[in-house]
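Survey of secondary and tertiary structure
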Amino acid sequence: MLGLGSSLVTGGPSEKVLATFTSDFTSGTDSFVASSIDEGDLNLTTNQTIDGTGGWLKGTFTETQTSNFILFRRLNIPLSYSVGDTFEMSYKFYVVDDSNKWGSSPPIRHMVTLNNTSGVTYVDVPYDTTTSQSFTKSITGSSSTVNISFDFTQEKPSADAVFYVKDIELKVIGMG
């Protein structure tokens, strides 16, 4: 009787983490900047404590926003990737409820965009709560850098609207 014996091959190539970026807001903005802020400024303050934990980056709008792009972002993060790889992104976010300065009732929506992926990721967060967010995006182009953008256009934050962000982590997953 013939059998399969030990000629059966199990498994195959497996995906692995090819590269990782992790933010650090304890001593600076980690090259994150305000962009397309047409009214006033978005002041960024590092190493803040909120919800009993430190290391947060605080963003405060100085004037009510009315433009079509209200961005907080980092450009040219040195991570190499190719078509077929995947981005895995996670971060913590906190929106302060201060007299409805975010323009709508909670949840408060922001959009996250990564270059060389299809579409944006919409994220809804409650007031006054640390919210852990994570998502996965398929990569549609190849590059040696990545851009991360947070967009608050839908909410049109008012003067003195405040958000906090920390622990931004972006991984490139692929076959290597």
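In what follows, the structure referred to is the one given above.
Now for a quick tour of the structure. Keep in mind that what you see is a predicted model, and the values were worked out from it rather than measured.

Along the protein chain, the regular secondary structure elements total zero helices and 11 strands. For the protein chain, the N- to C-terminal ordering of α and β elements is β-β-β-β-β-β-β-β-β-β-β. For 176 residues, the compact-globule estimate of 2.2 N^0.38 gives 16 Å, and the C-alpha radius of gyration of the protein chain, at 20 Å, exceeds that figure by more than 25%. If you line up the protein chain on its principal axes, its C-alpha atoms span 80 × 30 × 30 Å. The buried share among the 176 residues of the protein chain stands at 41%.

This part covers the environment of Glu88. On the secondary structure map, Glu88 appears in strand E6 (residues 86-95). Note on Glu88: relative accessible area 35%, which makes it partly exposed. Taking the C-alpha atoms as reference, Glu88 lies 7.3 Å from Ser134; in sequence the two are 46 residues apart. Ignoring sequence-local partners within four residues, the contact set of Glu88 consists of Phe135, Thr136, Glu169, Leu170, Lys171 and Ile173.

Below, the discussion takes up the packing of aromatic side chains. For the structure shown, the criterion picks out 19 aromatic pairs. Three or more aromatic residues link up through ring pairs in this structure, and these residues are Phe21, Phe25, Phe32, Phe61, Phe72, Tyr91, Phe93, Trp102, Phe150, Phe152 and Phe163.

As a further point, take the pattern of salt bridges. Side chains that differ in sign of charge can pair as their charged atoms come close. Under the definition given, this model contains five salt bridges. In this structure, the salt-bridge partner of Asp30 is Arg74, at a minimum N-O distance of 3.2 Å. Remark: Arg74 occurs in strand E5 (residues 71-77) and Asp30 occurs in the loop between strand E1 (16-22) and strand E2 (33-35); sequence separation between them is 44 residues. Lys101 serves as the salt-bridge partner of Asp98, at 3.6 Å between the closest nitrogen and oxygen.

As a further point, take unusual backbone geometry. Although it is not a glycine, Ser31 adopts a positive phi angle of roughly 70°. With respect to the secondary-structure elements, Ser31 resides in the loop between E1 and E2. Unusually for a residue other than glycine, Asp167 sits at a positive phi of about 55°. With respect to the helices and strands, the residue Asp167 is situated in strand E11 (residues 162-174). Asp167 sits in the partly exposed class, given a relative accessible area of 35%.

Time to look at the nonpolar core. Most often, soluble globular proteins keep nonpolar side chains buried together rather than apart. Counting residues in each nonpolar core, the largest one holds 37 residues, and the members touching the most others are Met89, Tyr91, Phe150 and Ile168. Among the elements of the structure, E1, strand E4 (53-61), E5, E6, strand E7 (108-114), strand E8 (121-125), strand E10 (146-151) and E11 are those that each provide at least two residues to this core. The contacts of Ile168, once residues within four sequence positions are left out, are Phe21, Thr22, Ser23, Phe25, Phe32, Met89, Ser90, Tyr91, Ile148 and Phe150.

Each value, and the rule that gives it
Within any chain, residue numbers begin from 1 and follow the written order of that chain's sequence. With the structure being a predicted model, the display of local features is reserved for residues of pLDDT at least 70 and the display and counting of side-chain atom pairs for 80 or more, all residues being used for whole-chain, interface and lining totals. Note that water and hydrogens are dropped before the side-chain values are worked out from all heavy atoms of the structure. Helix and strand labels come from DSSP, where a helix needs a run of H or I of at least four residues and a strand needs a run of E of at least two; each type is numbered from the N terminus. In this setup the radius of gyration rests on C-alpha atoms only. A globule is expected at 2.2 Å times the number of residues raised to 0.38. Relative accessibility thresholds used throughout: buried, under 20% of the residue-type maximum; exposed, over 50%; partly exposed, between the two (1.4 Å probe, protein chains only). By the convention used here, residues are in contact when the closest approach between their heavy atoms is within 4.5 Å. Working definition: a ring pair exists when centres of Phe, Tyr or Trp rings (six-membered ring for Trp) sit within 6.5 Å. Plane angles under 30 degrees give stacked, over 60 give edge-to-face, the rest tilted. Just to be clear on terms, a salt bridge is a Lys or Arg side-chain nitrogen sitting within 4 Å of an Asp or Glu carboxyl oxygen. Side-chain atoms within 4.5 Å link the members of a nonpolar core, which is a set of buried Ala, Val, Leu, Ile, Met, Phe, Trp, Tyr and Cys residues.

In short, shape yes, function no, at least from these values alone.
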